[in-house]
Amino acid sequence: MISPQDAFSPSYARARVRFLEGAAAAGMAITSHNHPLPGRDGETLAMDVALDGSPDAERLLIVSSACHGVEGYCGSGVQVFAAHDADWREHARLAGVAVLYIHALNPHGFSWVRRVTNENVDLNRNFQDFSQPLPQNPAYAELHRLLLPTQWPPTPENEAAIQAWIAQHGLPRFQAAVTQGQHAFADGLFFGGTAATWSNQTLRAVLRRHGRQARRLGWIDLHTGLGPSGLGERIFACADDAAALQRARAWWGGGGKTPVTSIYDGSSTSALLTGLMWCSAYEECPQAEYTGIAMEYGTVPVTEVIDALRGDHWQHLHPEAPAELRAAIKARTLAAFYVDTDEWKAQIVAQARQALFQAVDGLSSAGR
């Protein structure tokens, strides 16, 4: 066992070492899928996969991090702690549940302290059928030029224009317009892409390799950036299906103490999104009964998160920006998705550990 604080890392490179060391010490089977590009410090980037349990297990729990790169600072800490948690590992083993840790779904964003992939794509908007017309987001089109102004920090006029849009349409509509995903502006925020990214393709290969023997499949995908600081919201991450929602609430609801929210009924802090990553569970593991949540930990108010992302995207478009400004933007981006305090880290680990135990109990329950 290690302390919650010792499970978190100050960089992707250090987080990867800690995860691999913890998985190896626990005797897990490790596979690494190397990314074609180097990291910020020249390090190798990879989607690392560690299986704790039998490769033939009919009950499989996936625990994944860094779908949105920079959010891996939190998610990796949860995975590292779990790898050192003997009681948790014993609980899963006795229940006959294998646990598949996917560390750094988007290692490029993790290393470079960006939310997006190297293709500037939001991975959790990238799981579309690209042979069909892609979803339209006309509200984002109205906001695109305001969100990415020609200079940073934005002018008072720019900020006033955004506030006027919010005053007219409301903050929830603003959040939805910006975050639900768009496929028209390749340099913009929450761009879902026009083709499957490296992370999309690699994850699908992982699911095919490890998930096709499972009869029951659970998934906890670790995120940050929405909700009150330190609170882990359990967001239903399945198709809009009443039976699956009932199952998720039975597993993770804690009798109402740890409620499972949904983007479909408006109970979640998240807007209704498209191209979500968990769609791949149905497509790559069609034989399995699938139940999943996104564990969404709060950091700062959503308007601050969006402003931090605006700065990050502006910086990406302006490599000529002064080093001091670039450093300030990068620090603000990290702070929007990772609260570097002992108290916050302890809250994250405690809630994740509870959700892990709940998932194993759900997967091993007799009912379907």
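Details of the structure are given in the entry above.
Summary of the structure given here. On a predicted model such as this, the values are computed, not experimentally measured, just so you know.

1. Focus on empty space enclosed by the protein
Step number 1: Going through the model one piece at a time under the given rule, you end up with 2 cavities of 30 Å³ or more.
Step number 2: Here the largest cavity defines a volume of roughly 390 Å³.
Step number 3: For the largest cavity, the lining is made up of 33 residues, of which Asn124, Leu226, Ser270, Leu273 and Glu296 are closest to its centre.
Step number 4: Every element with two or more residues in the lining of the largest cavity is listed here: α7 (171–179), β5 (216–229), β6 (232–236), β8 (289–298) and α11 (302–317).

2. Some words on the packing of aromatic side chains
Given two aromatic rings, their pairing is described by the distance between the two centres and the angle made by the two planes.
Step number 1: Under the criterion given, the structure shown has 13 aromatic pairs.
Step number 2: Considering the side-chain rings of Trp219 and Tyr290, the 6.4 Å spacing of their centres and the 75 degrees angle between planes classify their relative orientation as edge-to-face. Of this pair, Trp219 sits in strand β5 while Tyr290 sits in strand β8, placing them 71 residues apart in sequence. The same class applies to Trp219 as to Tyr290, namely buried.
Step number 3: An aromatic cluster is defined as three or more aromatic residues linked by ring pairs; in this entry it consists of Phe8, Tyr12, Tyr73, Phe110, Tyr338 and Trp344.

3. Points about the pattern of salt bridges
Step number 1: In the structure shown here, the tally under the stated rule is 21 salt bridges.
Step number 2: The closest approach of N and O atoms between Asp312 and Arg114, which form a salt bridge, is 2.9 Å. With Asp312 in helix α11 and Arg114 in the loop between α4 (107–112) and α5 (138–147), this residue pair connects regions lying 198 residues apart in the sequence.
Step number 3: The class of Asp312 is buried, set by a relative accessible area of 2%.

Parameters at a glance
Residues numbered from 1 in each chain as written. Predicted model: local features only at pLDDT ≥ 70, side-chain atom pairs only at ≥ 80, totals over all residues. Heavy atoms only, no water. 1 Å grid on protein atoms, 1.4 Å probe; cavity = no way out; pocket = protein on both sides within 12 Å on 5 of 7 lines; lining within 4 Å. Points joined across faces, edges and corners; volume = space filled by probe spheres on them. Helix = DSSP H or I, 4+ residues; strand = E, 2+ residues; numbered from the N terminus. Phe/Tyr/Trp six-rings, centres within 6.5 Å; stacked < 30°, edge-to-face > 60°. Buried < 20%, exposed > 50% of the residue type's maximum accessible area, 1.4 Å probe, protein only. Salt bridge = Lys/Arg side-chain N within 4 Å of Asp/Glu carboxyl O.

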